[in-house]
Amino acid sequence: AQSVTQLGSHVSVSEGALVLLRCNYSSSVPPYLFWYVQYPNQGLQLLLKYTSAATLVKGINGFEAEFKKSETSFHLTKPSAHMSDAAEYFCAVSESNRLAFGKGNQVVVIP
Amino acid sequence: DVKVTQSSRYLVKRTGEKVFLECVQDMDHENMFWYRQDPGLGLRLIYFSYDVKMKEKGDIPEGYSVSREKKERFSLILESASTNQTSMYLCASRDLSGGKHYEQYFGPGTRLTVT
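In what follows, the accompanying structure is described. (Residues numbered from 1 in each chain as written. Chains lettered and ligands numbered in written order. Predicted model: local features only at pLDDT ≥ 70, side-chain atom pairs only at ≥ 80, totals over all residues. Heavy atoms only, no water.)

Chain A puts 21 residues into the contact, and the matching count from chain B is 26 residues. A buried area of about 1,900 Å², summed over both sides, lies between chain A and chain B, and 52% of it is on carbon and sulfur atoms. It is A:Asn41, A:Asn97 and A:Arg98 in chain A that bury the most area against chain B; as a group they hold 30% of the surface buried on that side. Our count for the chain A to chain B interface comes out at two salt bridges. Among the secondary structure elements, those contributing two or more residues to the side of chain A that touches chain B are strand S5 (33-38), strand S6 (44-50), strand S10 (87-95) and strand S11 (98-101) of chain A. Here the side of chain A that touches chain B is composed, by residue class, of eight nonpolar, nine polar and four charged. (Contact = heavy atoms within 4.5 Å. Buried area = accessible area lost by both parts, 1.4 Å probe. Salt bridge = Lys/Arg side-chain N within 4 Å of Asp/Glu carboxyl O. Helix = DSSP H or I, 4+ residues; strand = E, 2+ residues; numbered from the N terminus. Nonpolar A, V, L, I, M, F, W, Y, C, P; charged D, E, K, R; others polar.)

Further remarks concern the environment of A:His75. Residue and element names in this part refer to chain A. Position of His75 among the secondary structure elements: in strand S9 (residues 73-78). Classification of His75 by relative accessible area gives buried; the value is 18%. Ignoring sequence-local partners within four residues, the contact set of His75 consists of Leu20, Leu21, Arg22, Cys23, Asn24, Trp35, Glu64, Ala65 and Glu66. Within polar-contact distance, the side chain of His75 engages the backbone nitrogen of Cys23 at 3.0 Å. (Buried < 20%, exposed > 50% of the residue type's maximum accessible area, 1.4 Å probe, protein only. Polar contact = N/O pair within 3.5 Å; in protein donor to acceptor, adjacent residues only side chain to side chain.)

Structure below.
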């Protein structure tokens, strides 16, 4: 079964600093990978996805992620954090008919 | 725009009550899902449905059942609510048409408290 590992349940970042959220996956087949964001009291919204095209994927709100097969990673970055980036972020890998989610990263942005 | 709606944002029920959580999508998606979300555990799949009247257990189906009589509606049922079912419940649907690659669309969630 495929799985996703996200380390560090809480991540603090200063406003204007780099946001880096790590995601490692295990998969026996070429995966489809996703990053979702959840703002307080809302459902999940798709940030970006990897579908075996370009390895560097650009998403909404200035986020991007790079697929590295050799490292089985799909880390999410944003060059400069904004207060509005405070949210919970989930990495997910496709698993036949469903998605397997990581445990999430709660991002706190410090002014 | 894609729209997944859930019948309630907040719900408080008593132990032993039968609870219905409703989810409706307006995108003609075949697949629909129910997850529960708990702090530190991420999203865990309860049940999913391939199509009308078709369902499959997810990772944590115990204590839950589902119903899908119409394509747009997927209901989660707690036959006899217990306090350990206090959680956030998220519904999602999936587009299987070309180019979507298993992307799921989520509703706003229902925060259920069982007392």
